[in-house]
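Here are the chains, one letter per residue:
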Amino acid sequence: MRLVIQRTSRARVDVAGSTVGEIGPGIMVLVGFGGDDDENLPDSKVWNTLIDKMIGLRIFEDEEGRMNRSLADISGDMLLVSQFTLYASCKKGRRPSFTEAAQPDLARRLFDLFAAQAASKAPGKVATGEFGAMMNVDFVNWGPVTIILDSKDFS
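Residues numbered from 1 in each chain as written. Predicted model: local features only at pLDDT ≥ 70, side-chain atom pairs only at ≥ 80, totals over all residues. Heavy atoms only, no water.

Caption draft 1: Structural detail: the packing of helix H1 (residues 45-56) against helix H3 (residues 104-121). Here H1 crosses H3 at 50°, and the two axes come no closer than 10 Å. With respect to their mutual orientation, H1 and H3 come out oblique. The way H1 lies across H3 gives a crossing that is right-handed. Every residue of H3 that contacts H1 at Trp-47, Asn-48, Ile-51, Asp-52, Met-54 and Ile-55 is listed here: Leu-110, Leu-113, Phe-114, Gln-117, Ala-118 and Lys-121. Counted by class, the contact of H1 with H3 contains eight nonpolar, two polar and two charged residues. (Axes fitted to C-alpha atoms, helices over the stretch in contact; angles between N-to-C directions. Helix = DSSP H or I, 4+ residues; strand = E, 2+ residues; numbered from the N terminus. Parallel < 35°, antiparallel > 145°, perpendicular 65-115°, else oblique. Left-handed = near helix turned anticlockwise from the far one by under 90°. Contact = heavy atoms within 4.5 Å. Nonpolar A, V, L, I, M, F, W, Y, C, P; charged D, E, K, R; others polar.)

Caption draft 2: Inspection of the pairing of strand S3 (residues 26-32) at higher detail. In terms of burial, S3 is a largely internal element, seven of the seven residues being buried. Where strand S1 (residues 2-15) lies against S3, seven bridges are found, and the strand directions are antiparallel. Following the sheet pairing, Val-4 is matched in S3 by Leu-30. (Buried < 20%, exposed > 50% of the residue type's maximum accessible area, 1.4 Å probe, protein only. Pairing = 2+ DSSP bridges.)

Caption draft 3: Representation of H1 in the model. For H1, spanning twelve residues, the distance from its first C-alpha to its last is 16 Å, which sits close to the expected 16 Å at 1.5 Å a residue. Looking at H1, one finds that the buried residues are Val-46, Trp-47, Leu-50, Ile-51, Met-54 and Ile-55. Angular distribution of buried residues about the axis of H1 spans 165°; they occupy a single face of the element. Each element contacted by the buried residues of H1 is listed here: S1, S3, helix H2 (71-74), strand S6 (77-82), H3 and strand S8 (135-150). (Expected span 1.5 Å × (residues − 1). Arc of directions from axis to C-beta.)

Caption draft 4: Structural detail: the nonpolar core. Ranked by internal contacts, the top residues of the largest apolar core, which has 32 residues, are Leu-3, Phe-33, Met-54, Met-78, Leu-80 and Phe-114. Where this core is concerned, the elements lending two or more residues are S1, S3, H1, S6, H3 and S8. By size, the runner-up hydrophobic cluster in this structure holds 14 residues, among which are Val-4, Leu-30, Val-81 and Ala-127. (Core = buried A, V, L, I, M, F, W, Y, C linked by side-chain atoms within 4.5 Å.)

Caption draft 5: Seen up close, unusual backbone geometry. With omega at 0°, the peptide bond leading from Gly-143 into Pro-144 counts as cis. Positionally, Pro-144 belongs in strand S8. The backbone of Ala-16 shows a phi angle near 50°, a positive value even though the residue is not glycine. Among the structural elements, Ala-16 can be located in the loop between S1 and strand S2 (18-23). Despite not being glycine, Ser-75 shows a phi value in the positive range, around 55°. With respect to the element layout, Ser-75 can be found in the loop between H2 and S6. Exposure remark for Ser-75: the relative accessible area of 49% places this residue in the partly exposed category.

Caption draft 6: Spotlight on the pattern of salt bridges. Within this structure, the stated rule accounts for eight salt bridges. Of the charged contacts, one joins Arg-12 and Asp-138 as a salt bridge, the two residues approaching to 3.7 Å between their closest N and O atoms. Of this pair, Arg-12 sits in strand S1 while Asp-138 sits in strand S8; the two residues are 126 residues apart in sequence, bridging distant segments of the chain. For Asp-36, the salt bridge goes to Lys-152, with nearest N and O atoms at 3.6 Å. In this pair, Asp-36 sits in the loop between S3 and H1 while Lys-152 sits in the segment after S8, placing the two residues 116 residues apart along the sequence. We note that Asp-36, like Lys-152, is exposed. Through salt bridges with shared partners, a single network forms among Arg-10, Arg-12, Asp-14 and Asp-138. (Salt bridge = Lys/Arg side-chain N within 4 Å of Asp/Glu carboxyl O.)

Listed below in structure tokens is the structure:
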């Protein structure tokens, strides 16, 4: 599992011209699952570690301008967007290969579980994109601040 977390002042995802998810200040997270991920991932320690880390990252500024506050501290919102291209391999040629990404049926189940569990722990509003849809994601990367979490770093 890979997460690309971006601190945002606002974010929105549209599908076919309609907004399906929108948040205010918080984080926009691209969520991808790889071929090594399986049905047991949600029961693993790394799953909970990544959710807790995502919500607890101190990436918001305190009164002194230091990144000392977490999403929980600011009661921030979260937009979760499924993103299989996080597992793109560009080792050969110029066309990315996505063979390292999880199969769509499994990735959908994992994304839905991830979104539900993240929402149960999130301090603010949680919105999602639409799995498998062509989405337009519009957000302001506040800072900019972008953090990447990979489950392999926490196994």
